[in-house]
Amino acid sequence: MDKKAKVFAIMNEKGGVGKTTTATNMAYLLGKQNKKVLLIDFDGQANSTILMGNENPNNIGITISTILNNIIDNNYILPPEDYLIKTKGINLIPANANLFYLESKLSTVTFREYMLKKFIDSVREDYDYIIIDCMPQIGVPLINVMVASERLIIPTQSEILSVKGLTELIRHYIGIKAVNQELKISGILMTMDKKNTKTSKEVKKLLDSNFKENVNIFKTVIPYSIKVSEANMYKKIICEYLPKNTVSVFYEKFLKEVLKNEQ
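Keep in mind that this is a model prediction, so the values were computed, not measured.

(A) Representation of the environment of L206. With respect to the secondary-structure elements, L206 resides in helix α9 (residues 198-211). C-alpha of L206 to C-alpha of E13: the two residues are 193 residues apart in sequence and 18 Å apart in space.

(B) Fine view of the sheet that holds strand β2 (residues 37-42). If you walk across this open sheet you meet the 7 strands as β3-β4-β2-β5-β1-β6-β7, and the pairing is mixed. Of all the strands in the sheet, the pair left with one neighbour each is β3 (85-87) and β7 (184-191). Looking at each pair of strands side by side, their axes are set apart by 25° on average, direction ignored. Across 6 bridges, β2 lies against strand β5 (residues 129-134) in parallel orientation. Residue V37 lies in a different strand from β5, and its bridge partner there is Y129. Contacting β1 (6-10), β5, β6 (151-157) and β7, helix α12 (residues 246-262) runs over the sheet at an angle of about 165° to β7.

(C) Broad picture of the packing of aromatic side chains. Across all of its chains, the model carries 5 aromatic pairs by this definition. Plain terms: the ring middles of Y83 and F119 are 5.8 Å apart, the flat faces sit at 75° to each other, and that makes the pair edge-to-face. Placement of Y83 in the loop between α3 (64-74) and β3 and of F119 in helix α5 (residues 115-123) is noted, with a sequence separation of 36 residues between them. The burial state of Y83 is the same as that of F119; both residues are buried. Between Y234 and Y241 the ring centres are 5.8 Å apart and the planes differ by 25°, which places this aromatic pair in the stacked class. Pairwise contacts between aromatic rings join F218, Y251 and F254 into one cluster.

(D) Spotlight on the environment of I217. With respect to the helices, strands and loops of the structure, I217 is situated in the loop between α9 and α10 (226-233). Taking the C-alpha atoms as reference points, I217 and G187, 30 residues apart in sequence, are found 5.1 Å from one another. The contacts of I217, once residues within four sequence positions are left out, are I188, L207, D208 and K212.

(E) Highlighting the pairing of β5. Across the 6 residues that make up β5, a large majority, 6, are buried. Residues Y129, I131 and D133 line one face of β5 and the alternating positions I130, I132 and C134 line the opposite face, and both faces are buried. Bridge count between β1 and β5: 5 bridges; the pairing is parallel. Each residue of the ladder has a partner; that of K6, found in β5, is Y129.

Criteria and cut-off values
- Residues numbered from 1 in each chain as written.
- Predicted model: local features only at pLDDT ≥ 70, side-chain atom pairs only at ≥ 80, totals over all residues.
- Heavy atoms only, no water.
- Helix = DSSP H or I, 4+ residues; strand = E, 2+ residues; numbered from the N terminus.
- Pairing = 2+ DSSP bridges.
- Axes fitted to C-alpha atoms, helices over the stretch in contact; angles between N-to-C directions.
- Contact = heavy atoms within 4.5 Å.
- Phe/Tyr/Trp six-rings, centres within 6.5 Å; stacked < 30°, edge-to-face > 60°.
- Buried < 20%, exposed > 50% of the residue type's maximum accessible area, 1.4 Å probe, protein only.

Rendered as structure tokens:
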């Protein structure tokens, strides 16, 4: 049997919870382990694209949106040399604001939920891991991601309202499982945690009481650090900018936990 990449989607229907930070650091650290990694920016805000060294995403000619439009319009998959950006030890498929128009385009297409899967299946044998940094709103594009993926990692900010929004995402996941039986939730990841605060303790209680029985909650908790924003200001990710920062260290622990769970 041909080797196929494990496909992870970093997903939450709420923005500002650490999706891009998790996706980019996970991809970067896997690349440092000499794994073949493809990072797909699937958010029109293009934060992963920017952090991977591309200051002006809207000037990029070919993005994930271009690739999917070619599949929809011409049933044609562009060759990798047309779109891949090699950066920081991994391959990147960038995004830009054109992705915001994908939903209206998909609404007219037969088998609209399978467009991203069709593309990913064409490149899976070239990689060890494919990581998708998802947009924060549910819709046909995000359903495409769930149909194309094997694992969901759900970052949630250490904040009460962020956790309460997870129920709807779990409900959508259960619905997609009927279509994609390979899809599993790898786990819920607490991010931007201010340890030993009342909020932190309440969030942990809320996660345990609402989800622990049915969904894995990662033991690793990503702490809050202003250095993450500082790294982003320089168009870098924290594990690259300050490898010994506490956030970098905990992302390394998180990755080890993810890979151990997979084994």
